[in-house]
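# Structural features, examined
Okay, here's what each chain looks like letter by letter:
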Amino acid sequence: MAELEQLFRLDARALEALERLRTAPTRASGRVMVAELHRVAEIVGLGAGAVRVEPVPRLDFPELLLKVFDRTGLPVDFTHISGADPSMEDFGVSLAALIVAEACNVGLVPKPNVPALTRARLLQVDQGYLRGETIAAANARLIAAQAELDIVKCWGGGHIASADGLRFVVPVQNLHTGHNRIYFGRQRGATWLNVVNDQVMGIGGLVVPGTLRDSLFILDAIHNLDGGPKPETVVTDTASYSDIVSGLFAICGYQFSPRIADLADTRLWRTNTRAVYGPLEHMSRHTVRLDKIRAHWGDMLRVAGSLTMGTVRAYDLIRMLSADGRTTGLGEAFAHYGHIFKTLHLLQFIADEGYRRMIGTQLNVHEARHRLARKIAFGNRGQLHQRYREGLEDQLGSLGLALNAVIWWNSLYLDAAVKHLREQGFPVTDEMCARLSPIQYDHINFLGRYAFSRADVAGGLRPFHDGAHEST
């Protein structure tokens, strides 16, 4: 409560003295607007440095995966469903082929003349080794390996994360899909809700039917991470904004920091009814009901324990707290508890330009990863053809692993390039490194190769396709 009161007074004084907010004179309600963030000044020498570290070696996507496998030892995380380690020859080649097939959404294309790429071998690896647990273990290995690179420390400590959804049309029958005309037209689809940290690595994700509100699932995704440190701040867009969600995040130990699209209509909640907050007075007419929080505090702590231990899903809990449009007593307690931390977030958002910039930067990083994901999953016009939930989870999990492999590879070369420049005497500062991004993909060929060999016209017609023998 003391922190809330202190921020109210600091913001009120800041508004009066520095005019960070300006009250709209034509509105009796005292609506306010935050000044737009100014463009960050270019760092002297950054342009030349960026040009020098940009050329990452060009290669095909399968080659990148195999190099990542060799450098990290990632295939050992793909144990058999029985618990045995993979012992087959060229297991990494078969695994890379499956990840390309799933992530690029092109399906299996066996090569009978390559033992590691025959249909029987690919199906054996797919059914016995590629599943949610092994993909998560491989992601954890990549997250840990990337965090050890020196340049990654300039991007963040892994304690800030964002959660956002990537929509996919699923034109086949699947019970784990839903309708939404905006995203899927007349068809059904699913959302891949993924979590990305400030080191640009995907640290977790889950598949959501259709486009149910992301806020109902974000806490579940945060509590089921593949690896990396536990986030302290969770950034989302405005659609995830909810009082109960804010309360649940706060009691579980997270700072919930959604981007505010329209601050003018935002409410602030106070605990001191006698205080006067100057320019913020009109926005802060609502009072937090501390009595409701005290009455349900024991139950709230038990809920926090259940969420943290994974014995109850946040999605089910939020639906229970606001069943049939009516909020329960426990739900009202969480909502008022959320009002406190929601107001703390808004006051910091109003007064702290660095805080607003951090939120925008992290969401931009997430959107850039989604663009890369679309670039990778180019097959079948970006539509998924999985008929079961497990199929969707395995395919989108493979896409997440492919994204992390690309980010790790780029981070490795950016780190090596920066060290090379410093050895040559170029003054590459940590501030310069913070502006470099591992989300680059122009040097990676995600498409297949096309052969332009002349056909033997004199030989007549080509043989008919024999289903028993797959063509190469």
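Anyway, here's the lowdown on the structure attached to this text. (Residues numbered from 1 in each chain as written. Predicted model: local features only at pLDDT ≥ 70, side-chain atom pairs only at ≥ 80, totals over all residues. Heavy atoms only, no water.)

## Observations concerning the pattern of salt bridges
The tally for this structure, following the rule as stated, stands at 16 salt bridges. Arg141 serves as the salt-bridge partner of Asp77, at 2.6 Å between the closest nitrogen and oxygen. Taken together, the residues Asp77 in the loop between helix H3 (61-72) and helix H4 (91-103) and Arg141 in helix H6 (residues 132-147) connect sequence positions 64 residues apart. Note that Asp291 and Arg289 form a salt bridge whose closest N and O atoms lie 2.8 Å from each other. Classification of Asp291 by relative accessible area gives partly exposed; the value is 40%. Exposure remark for Arg289: the relative accessible area of 38% places this residue in the partly exposed category. Linked through salt bridges whose partners overlap, the residues forming this network are Asp150, Lys153, Asp415 and Lys419. (Salt bridge = Lys/Arg side-chain N within 4 Å of Asp/Glu carboxyl O. Helix = DSSP H or I, 4+ residues; strand = E, 2+ residues; numbered from the N terminus. Buried < 20%, exposed > 50% of the residue type's maximum accessible area, 1.4 Å probe, protein only.)

## Quick notes on H4
Since the α-helix packs 3.6 residues into each turn, any two residues three or four apart lie on the same face. Compared with an ideal rise of 1.5 Å per residue, which puts 13 residues at 18 Å, H4 spans 18 Å between its outermost C-alpha atoms and is within 8% of the ideal. With eleven of 13 residues buried, H4 lies mostly within the body of the structure. Residues of H4 that are buried: Phe91, Gly92, Ser94, Leu95, Ala96, Leu98, Ile99, Val100, Ala101, Glu102 and Ala103. Buried residues belonging to H4 abut H3, helix H5 (119-128), helix H14 (353-376) and helix H15 (389-423). Count one or two residues on from H4 and you reach Asn105, which has phi positive near 60 degrees. (Expected span 1.5 Å × (residues − 1). Contact = heavy atoms within 4.5 Å.)

## Quick word on the side chain of His339
In this fold, His339 is placed in helix H13 (residues 329-351). Residue classification places His339 among the buried residues on the basis of a relative accessible area of 4%. His339 has contacts with Asp243, Trp269 and Val288, leaving out every residue within four places of it along the chain.

## Overview of the packing of aromatic side chains
Two measures describe an aromatic ring pair: the distance that separates the ring centres and the angle between the ring planes. Inspection of the entire model under this criterion finds nine aromatic pairs. The interplanar angle of 70 degrees and the centroid separation of 6.1 Å between the aromatic rings of Phe249 and Tyr254 together place this pair among those described as edge-to-face. When sorted by exposure, Phe249 lands in the same class as Tyr254, which is buried. Among the aromatic residues, those joined into a cluster by ring pairs are Phe249, Tyr254 and Phe256. (Phe/Tyr/Trp six-rings, centres within 6.5 Å; stacked < 30°, edge-to-face > 60°.)

## Examining the pairing of strand S4 (residues 160-169)
A large share of S4 lies buried, amounting to nine of its ten residues. By the bridge criterion, three bridges tie S4 to strand S8 (residues 233-236) in an arrangement that is parallel. Counted as the bridge partner of Ala161 is Val234 from S8. Bridge count between S4 and strand S6 (residues 188-197): nine bridges; the pairing is antiparallel. Among the inter-strand pairings, Phe168 is bridged to a residue of S6, identified as Ala190. (Pairing = 2+ DSSP bridges.)

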